[in-house]
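Analysis of the macromolecular model
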Amino acid sequence: MSIDPITLEVLTQGLISIVREMRATVCRTASSVAIYDAKDFSCGLFAPDSQVVAQSEDIGSHVVPLPWSVRSAMEKLGHDLKPGDVILSNDPYTGGTHLNDVTVIFPVFQDGRLIFFPAVRAHWADVGGMVPGSMSGKATEIYQEGVRIPPIKIQEGGRFNEAALDLLLSNMRVPEERLGDLQASLASCRVAEKRIHELCRRYGVDLLLEAVRLDLDRSEARMRACIAGLPDGTYRFEDYLETYMGGRFEPLLLPLALTVAGDRMTADFTGASPQVPFPVNSTAAVTAASVFIAVKSIFDPAAPLNQGSFRPIEVNAPPGSIVNVQRPAPAGSHGEIRKRVIATMVGALSQVVPDRVAGDLCRTSFHNLIGGLDAKRGREWVHYEWSAGGNGAFRESDGPSAMATIDWGDLVTVQSSEVIETRMPLVVETSRLATDSGGAGTTRGGLSMQRSMRVLAADSRYSLLSDGAVVPAFGVLGGLSGVPVGSWIENGGVIQGFDTPGKIAGHPVGNGDVVVVRSAGGGGYGDPLLRDPARVADDVREGYVSREAAHDLYGVALDARGAADPVATEALRRRQRAARFGLAAVLVEDAYEAGAVSRRRICRIHPRDAAAAGLEADDVVEMDARLAAPLRAWLRIDPAVAPGTLPIDALGLAILKVDAGARLEVRRVATVVPPQARFAEAAE
Amino acid sequence: MHWLGVDVGGTFTDLVLFERASGRLRVLKTPSTPHDQSEGILAGVARLAVGPAGLERIVHGTTVATNTALEGDGARLAVVTTAGHRDVLVVGRGNRMAMYNIKAPPNRPLVPRSRCHEVRERLGVDGAVAIELDEAGVAAVGRRLAEDGIEAVAVCYLHSYANPDHERRSAAILSAILPDAVVTTSAEVLPEYREYERFSTTALNAYVAPRMRRYLGELRHRLATAGIRAPLSIMTSNGGTLPADRVEAMPVLSMLSGPAAGVIAASHVGAAAGFPDVITCDMGGTSTDVCLVRGGEFSMTTEGRVGAFPVKIRQIDINTIGAGGGSIAAVATGGFLTVGPRSAKAFPGPACFGRGGLEPTVTDANLALGRLGTDRLLGGEIRLDREAALAAVARLGAEIGLSPERMAEGILRIAVVSMAGAIKEVSVMRGIDPRDFALLPYGGAGPLQAAAIADELGMRTVVVPPMPGNFSAFGLLVADVRRDLVRTRVAAVDDLSAADVRAMLAGLLEAGEAELASADFPPERRRFAASLDMRYAGQSFELSVPVATDIDDLAALVTAFEAVYVARYGGTTTAPVEIVSYRIAAWGLSDKPALPPLEGEGRSLASAALGTRPVVFDGETRPVPILDRERLPVGETVAGPAIIEEDGSSTVVPPGWSATLDRIGCLVLRRGEGDAP
């Protein structure tokens, strides 16, 4: 069957328009505020082989993993689907994200033939479990996170499976609202069914399916052309997620081997940390989707999103690891794995196409909760704060400050102070970008958002479920790290930090205490000593960079009027470049140290070198040749290491794009935010 | 005595003159003069040759405010704000404008951070003073601004909607130090909560104000020099007009000046022609504006934007897409065919303008297919080169293996699908069936595509109004004076009495009365409508609920809210209901010109016939009759295919459609039975 390019375009747009109408229908009819207000849902059209055919303005974190749920549903129920059947599922272990994301899959038939699945994934406000809202940082098993729904037929022949529905709703809070959410997804799919039938009547089902085939094929061709432009090879990177095992910090290793072969790409996460009994793990679907989001964002952001783009990409996530969680480990916090998978992709691709990547994004979803019982109004209150951090810098531009990252669609992340104060017993005392929080570089990483909120209620509590509080966003090509996320409590000039940065559960907050939260900064791009001194002076004038940082990190000497002094700057930069601390790389077999569950990279240096560089044991450091992204490690001081040398394994050398003998810079990564450092000093 | 409507666009200045004595309407198009729009206006007025004393009223649609904001060449602006909150405008809402793009650049703020100054002061949610205003601090900031050569200042404090005192006192101090600067406060521009949106609206107002002041000064001067004393009013974004001096003080009200006038004209003409339910489609060179009008009422929104900046002023809900006559067709890697959003703009313009444009546009496709003729000058100015259009279309067709005719039809098809998409967004996406509406196209290019857009949506009727090329200028003459007033005070309905609600509305009514009195409207010509923005507690958006200004039953209010909620979202919840903001719309009713009935003399199908031209429909070239709209007889039906031409526009009547001129000059196109796609 032949199809002309005009009809192909019209049908492609027609299918995207159907998804838009699905979105509008969900917005109009859902019951959960998170769905119609925060737009925490996604729609898509799928082919019977579970390939996504059309999407619109949906949140990448949701929509890109959807095909896995469709595939699981088809494997289980595909042999026996009839018109009027509807599938329901939320099971992370079979293609889901977390239990709150409930998916309706709706088979559409034409002339007795299954042609499409419209599907809606929506965040239900509650699916049962140990806490209202179902997501808890304290969950150690999935059973605490709500009801697991494997793919089941919730409707058969157009009639509800009353037993199943009754059972499910009986295990959720506010069941009438959940029924409303389910009805909204069904209404949305029915609209899609009607529109699909209209397209079939007008153009014929065969022409429509042929258009779909061609549309997927041309997206695939476009992506293959992108990948074919990359040199063949395997590119590696490694990064960490953060947890505390029995109160002790434990970084969880996430290694990536990204292989480019011709016009295909394979992302292999073999060696990832085993899954842990905390909500850090995520599913294979989320992992693969995150690889796709990274590839799309780096290579082809403008193309319409369909499965064709992802066909040339394979993902290997070992079962039982943090990137492919298995029963019964919890899966509630999928945002952290997503952001870290994207970071490893950026790190690996920085070795191949440094011009196309950016410094690391702001690292985490940064879920802050402040709440308690408002005695004056006699009700519970919870303020949920998720200010975005800085994005990474890239060749052409500084990174955007406090802006949603590439996996978050167009989500609003900065809430109105006036609205917060209207609803909560809180006063937002300051809401500002944090000076010097963006990673220094030839282009600068975006700044983080810092908010101080005074609590005007007794017996409140503060919780934080976050990552990136110890290991911050990295820069590339010699760009420096952004600041890690941080939070602390202030009252009357006394600053109180936390023993487990990033993971805080129900810390008591007194009436009048100020909770300060700071999101992460974005990574820098390129050597800060190469930044145009006039732009550094601009940044100082605008308050993005302090005078001290301009001097210490950028080597820029400012005159009394705040302009860069060219002669003094040149001299200062020459001195700073000469003073950079470096060691000669020596090849060793093993560069890791085992922890309770995972392992971490170690940077072992001689005591004299440590003293010269001002480094201490257990510091988080980065080793860097300024040719790609740097490599993070924990410092060990070891008299057995030859002075002036840095033992490193072959993998580490490959990541840094150097051979043994090369000189590697070693620098400390700022792992704690300054107020906590001040607090620590005061305590001593 | 005459009334004059003047709508200034990027390329042309459109004038419509209503001669009250004869009831006659005269139209004129003249080139715009972007360096100073008033020059083009006076040139047009001179060509109309109605002596200075003949003008009784001038209503003006202007793009000065919008262009100043979009082109970023407004005033040297500073913001003075509450200590701790200098970054409200710099950060915005932390959302991403470019999905999936790892290289999304930072948003460019309207004011650099270094010109956002903090002052010690603080109000609570209820407007109570938590920290007294530091007047010495304001004066110190004022002196810095003076040194910095600041031309405009936006004073934006938290919770000022609840208590404007700190802002007012600060503005007085700053005005004394900076006598030549425009000083605007957020409470006077938009006393509504959500600081980013309020600050943004206020900052935009201050940013464009000095330029607007200069422009209106120049226009008044030119009018006075020409001896014209007629009062001047300006079209505002809510579809009403205001005296020019009001808009000079509050230019942010005029961001949608021109497009709003078109919608007013459409609702007026649609109703007069017996089509109170219309979807408007204003197709210009680079974009197309659509708006839904039901029962003569257009929908309103407070979600407007100018570029990346929110404008929370209540305005007509117009949906704009980047596809118009000048939109360029191109093929991207992988064979994706696109039309727009890239545009050939006025320069070089479409290939057929012969100014060096080589890529085919929608206008070129119309010309290549014979839908557009070469006999008339576009806008009385530009001669069209059909060979250049054909060559551009043929080049693109060769890239993807299509004949020039198929390519040209394809370009139009894709443009039509995206325009239909814009209409779906304001109709089907809101649960409204566009087939219950007539399509009302205007703008020079609207009537060319209208029937095809209607086909795409299953709509059966197209109403092409008289003077489609000058339609917005006509709308200026049929608009009432209108001012929308708002104030936020968040409270649960359960915590309020009907007297509380009436008191809030009374304050706004008083302001509305004063506004209308200053525009010389006697009480019998004043109209008011009240509405409340309401929601369930916990939600972060509101629905507008119309209420009586003398409301006395809050239980009925909750029921009314629930009805609006069910209509929009299907069900209700058990959460308490809150009132967030109070609104009054105040109208001063103007006299309006009626469309005069057409005279029958000299009108007949024979006299309208201009011959035939080869035109392509569905891949087939055939001779198609060309008719002169000015000579068409009233009430007789022309069967498609046909092209009906007039100065400034052409209407395509495709095969399967027919056209009838009604008694007030609307060309009503109807699709025949059984031809539904």
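What you see is a predicted model; the values in this text were computed from it and never measured.

Each helix and strand in chain A was counted, giving 16 helices and 28 strands. Along the three orthogonal principal directions, the C-alpha set of chain A runs to about 80 × 65 × 50 Å. Of all 684 residues assigned to chain A, the portion counted as buried reaches 57%. Long-range contacts, defined as pairs at least 24 residues apart, comprise 74% of the intrachain contacts of chain A with a sequence gap of at least 6.

A separate point is the overall build of chain B. When helices and strands are tallied, chain B shows 17 helices and 35 strands. For 677 residues, the compact-globule formula gives about 26 Å, and the C-alpha radius of gyration of chain B, at 26 Å, lands near that figure. Structurally, chain B occupies a C-alpha span of about 80 × 60 × 55 Å along its principal axes. Going through the 677 residues of chain B one by one, you find that 55% of them count as buried.

This paragraph deals with the pairing of strand 14 (residues 288-294) of chain B. Residues and elements named next belong to chain B. When you tally the buried positions in strand 14, you get six out of seven residues, the bulk of the element. Bridging between strand 13 (residues 278-283) and strand 14 involves six bridges; their strand directions are antiparallel. Each residue of the ladder has a partner; that of Thr-280, found in strand 14, is Cys-291. Connecting the antiparallel pair strand 13 and strand 14 is a turn made up of four residues.

All names here are of chain B. With 13 residues, helix 5 (residues 165-177) extends 19 Å from end C-alpha to end C-alpha; this agrees with the ideal 18 Å at 1.5 Å per step. Turning to helix 5, its buried residues number three or more, namely His-166, Glu-167, Ser-170, Ala-171, Ile-173 and Leu-174. Along helix 5, the residues classed as buried sweep out an arc of 165° about the axis, all on the same side. Opposite the buried face of helix 5, at more than 90 degrees from it, the exposed residues are Ala-172 and Ala-176.

For the rest of this paragraph, the subject is the confidence of the model for chain A. Close inspection of predicted coordinates is inappropriate in any region flagged by low pLDDT. Residues and elements named next belong to chain A. Scored by pLDDT, chain A comes out at a mean of 91, with 97% of its residues at no less than 70. By mean pLDDT, the top-scoring element of chain A is strand 11 (residues 264-268) (98), and the lowest-scoring one is helix 16 (residues 674-683) (38). The low-confidence segment residues 674-684, where pLDDT is below 50, has 10 contacts with residues more than four positions distant or belonging to other chains.

This paragraph deals with the domain arrangement of chain A. Taken domain by domain, chain A consists of domain 1 (5-218), domain 2 (362-531), domain 3 (532-578) and domain 4 (582-671). Once you take the C-alpha centre of each, domain 1 of chain A and domain 3 of chain A turn out to be 54 Å apart.

So, about the sheet that holds strand 24 (residues 599-605) of chain A. All names here are of chain A. Pairing is mixed in the open sheet, where seven strands are placed in the order 23-24-26-25-28-22-27. The sheet is open, and its two borders are formed by strand 23 (592-594) and strand 27 (645-648), each paired with just one other strand. The sheet shows a mean angle of 50° between the axes of neighbouring strands, taken without regard to direction. Taken together, the three bridges between strand 22 (residues 582-587) and strand 28 (residues 663-668) define a ladder with antiparallel strand orientation.

Let us look at unusual backbone geometry. Going from A:Arg327 to A:Pro328, the amide bond is cis rather than trans, its omega being 5°. Position of A:Pro328 relative to the elements: it lies in the loop between strand 12 (313-316) and helix 9 (334-349). Residue B:Pro641 is bonded to the preceding B:Gly640 through a cis peptide linkage, with omega at 0°. Look at A:Asp111: it is not a glycine, yet its phi comes out positive at around 50°. Mapped onto the elements, A:Asp111 comes out in the loop between strand 5 (108-110) and strand 6 (113-123). Judged by the 7 C-beta atoms lying within 10 Å of it, A:Asp111 falls in the exposed class. Although it is not a glycine, B:Ala49 adopts a positive phi angle of roughly 50°.

Here we take up the domain arrangement of chain B. Residues and elements named next belong to chain B. When cut into domains, chain B gives domain 1 (1-226), domain 2 (257-322 + 416-478), domain 3 (327-415), domain 4 (481-588) and domain 5 (605-671). Between the C-alpha centres of domain 2 and domain 5 there is a distance of 22 Å. Taken together, the contact between domain 2 and domain 5 spans 18 residues of the former and 17 residues of the latter. Within the residue set of the side of domain 2 that touches domain 5, elements represented by two or more residues are helix 9 (257-272), helix 13 (446-457) and strand 24 (461-464). Its residues placed into classes, the side of domain 2 that touches domain 5 shows 13 nonpolar, four polar and one charged.

Taken together, the contact between chain B and chain A spans 56 residues of the former and 65 residues of the latter. Here the element with the most residues in the side of chain B that touches chain A is helix 12 (residues 404-426) of chain B; it accounts for six residues. In the side of chain B that touches chain A, the residues fall into 25 nonpolar, 20 polar and 11 charged.

To continue, consider the pairing of strand 11 of chain A. Residues and elements named next belong to chain A. Of the two faces of strand 11, the one lined by Met-265 and Ala-267 is fully buried and the one lined by Arg-264, Thr-266 and Asp-268 carries no buried residue. Where strand 10 (residues 248-261) and strand 11 come together, five bridges link them in antiparallel fashion. Across the sheet, Leu-258 pairs through a bridge with Ala-267, a residue of strand 11. A loop of two residues connects strand 10 with strand 11, the two strands running antiparallel in sequence, and Gly-262 in this loop sits at a positive phi of about 60°. In the sheet, strand 11 pairs with strand 12 via four bridges, with the strands oriented parallel. Paired with Asp-268 across the strands is Asn-316, a residue of strand 12.

The tendency in soluble globular proteins is for nonpolar side chains to be buried side by side. Counting residues in each nonpolar core, the largest one holds 385 residues, and the members touching the most others are A:Met345 and B:Val153. Per-element tally for this core: the top contributor is helix 7 (residues 195-225) of chain B, with 13 residues. The residues contacting B:Val153, other than those within four sequence positions of it, are B:Ala78, B:Val80, B:Leu145, B:Leu174, B:Leu178, B:Ala181, B:Val183 and B:Ala206.

What follows is about the packing of helix 9 of chain B against helix 14 (residues 471-478) of chain B. Relative orientation and spacing of two packed helices are given, respectively, by the angle between their axes and the distance between those axes. All names here are of chain B. Following both chains from N to C, one finds helix 9 and helix 14 inclined at 75°, their axes separated by 7 Å at the closest point. As far as their axial angle goes, helix 14 and helix 9 are roughly perpendicular. Here Gly-258, Ala-261, Gly-262, Ile-264, Ala-265 and His-268 of helix 9 come into contact with helix 14, specifically with Phe-471, Ser-472, Phe-474, Gly-475, Leu-476 and Val-478. Along the lines of polarity and charge, the residues of the contact of helix 9 with helix 14 split into seven nonpolar, five polar and no charged.

Turning next to the environment of A:Pro630. Residues and elements named next belong to chain A. With respect to the helices, strands and loops of the structure, Pro-630 is situated in the loop between strand 25 (620-624) and strand 26 (631-637). For Pro-630, a count of 30 C-beta atoms within 10 Å gives the class buried. When the C-alpha atoms of Pro-630 and Glu-238 are compared, they prove to be 9.9 Å apart, with 392 residues separating the residues in sequence. Non-local contacts of Pro-630, meaning those with residues more than four positions away in its chain, are made with Phe-474, Glu-622, Met-623 and Asp-624.

A word on the environment of A:Ser17. As for its placement among the helices and strands, A:Ser17 is situated in helix 1 (residues 5-29). On the basis of neighbour counts, which here come to 22 C-beta atoms within 10 Å, the residue A:Ser17 falls in the buried class. On a C-alpha basis, the gap between A:Ser17 and A:Arg195 in space is 9.5 Å, while along the polypeptide they are 178 residues apart. In this structure A:Ser17 touches B:Gly421 and B:Lys424, once residues within four positions along its chain are discounted.

This part covers the sheet that holds strand 19 (residues 494-496) of chain A. Residues and elements named next belong to chain A. Strand order in the open sheet formed by five strands is 15-16-21-18-19, and the pairing between neighbours is antiparallel. For this open sheet the edge positions go to strand 15 (426-433) and strand 19, each flanked by a neighbour on one side alone. Adjacent strand axes in the sheet meet at a mean angle of 20°, parallel and antiparallel pairs treated alike. One ladder, built from three bridges, connects strand 18 (residues 486-491) with strand 19; its direction is antiparallel. Residue pairing for strand 19: Glu-490 is matched across the bridge by Ile-495.

Rules used throughout
- Residues numbered from 1 in each chain as written.
- Chains lettered and ligands numbered in written order.
- Predicted model: local features only at pLDDT ≥ 70, side-chain atom pairs only at ≥ 80, totals over all residues.
- Helix = DSSP H or I, 4+ residues; strand = E, 2+ residues; numbered from the N terminus.
- Buried ≥ 20, exposed ≤ 12 C-beta atoms within 10 Å, placed from the backbone.
- Contact = placed C-beta atoms within 7 Å.
- Rg over C-alpha atoms; globule rule 2.2 N^0.38 Å.
- Pairing = 2+ DSSP bridges.
- Expected span 1.5 Å × (residues − 1).
- Arc of directions from axis to C-beta.
- pLDDT = per-residue confidence, 0-100.
- Domains from an automatic or database assignment.
- Axes fitted to C-alpha atoms, helices over the stretch in contact; angles between N-to-C directions.
- Nonpolar A, V, L, I, M, F, W, Y, C, P; charged D, E, K, R; others polar.
- Core = buried A, V, L, I, M, F, W, Y, C linked by C-beta atoms within 7 Å.
- Parallel < 35°, antiparallel > 145°, perpendicular 65-115°, else oblique.

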